Amino acid sequence: DATKAMRLTIEGDVVTLSRTDPDKGESVEEVEPVRAPHFPARIGFAGAYMREACESFGGETVELMLGDELHPIVVRDPGAKVIGQHGAIIMPMRV
């Protein structure tokens, strides 16, 4: 469901994906980043859109380019030669 929100939280070298569902409770997953930004971040987004973007690349690694909670997340294939080549933009949402 595209309306189900997830939260991406970055604190130091720890990247956490979390989601709260009133029926199923909270789920939290820590993801090991290859390289984490040098600033904390907390961004909400539609989980279905992020999943579709990541699955479309076919690899095990994606690159997320992000700013703060008000700016979109750019998802791209790290093997792409050009920034616009095979990428997606995920708009933030309040969580």
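Above this text you will find the structure in question.
Below or above, wherever it landed, is the structure these notes cover. It should be emphasised that the depicted structure is a prediction, and the values quoted were computed from it without experimental measurement.

What follows is about the environment of Gly12. Tracing the backbone through its elements, the reader meets Gly12 in the loop between strand 1 (5-11) and strand 2 (14-21). A residue is classified by how much of its surface remains accessible, and Gly12, at 47% relative accessible area, is partly exposed. As for Gly12 and Phe45, which are separated by 33 residues in sequence, their C-alpha atoms are 20 Å apart.

Next up on the list: helix 1 (residues 47-57). Within the sequence span of helix 1, burial applies to Gly47, Ala48, Met50, Ala53 and Phe57. Structurally, helix 1 contributes buried residues whose contacts are with strand 1, strand 4 (41-46), strand 5 (63-65), strand 6 (73-76) and strand 7 (87-90).

Pairing is antiparallel across the open sheet formed by three strands, whose spatial order is 5-6-7. The strands lining the two open edges of the sheet, one partner per strand, are strand 5 and strand 7. If you compare each strand with its neighbour and ignore which way they point, the axes differ by 25 degrees on average. Of the strands in this sheet, strand 5, strand 6 and strand 7 touch helix 1, which is tilted by about 25 degrees from strand 6.

To continue, consider the sheet that holds strand 4. If you trace the four strands from one edge of the open sheet to the other, you get 3-2-1-4, paired in antiparallel fashion. Of all the strands in the sheet, the pair left with one neighbour each is strand 3 (25-31) and strand 4. Taking the axes of each pair of neighbouring strands and ignoring which way they run, one obtains an average angle of 20 degrees across the sheet. Two strands pair when backbone bridges link them, and strand 2 and strand 3 are joined in this way by seven bridges, in the antiparallel orientation. Directly across from Thr16, in strand 3, lies its bridge partner Glu30.

Analysis parameters
Residues numbered from 1 in each chain as written. Predicted model: local features only at pLDDT ≥ 70, side-chain atom pairs only at ≥ 80, totals over all residues. Heavy atoms only, no water. Helix = DSSP H or I, 4+ residues; strand = E, 2+ residues; numbered from the N terminus. Buried < 20%, exposed > 50% of the residue type's maximum accessible area, 1.4 Å probe, protein only. Contact = heavy atoms within 4.5 Å. Pairing = 2+ DSSP bridges. Axes fitted to C-alpha atoms, helices over the stretch in contact; angles between N-to-C directions.

These results come straight from atomic positions and should not be treated as a statement about function.
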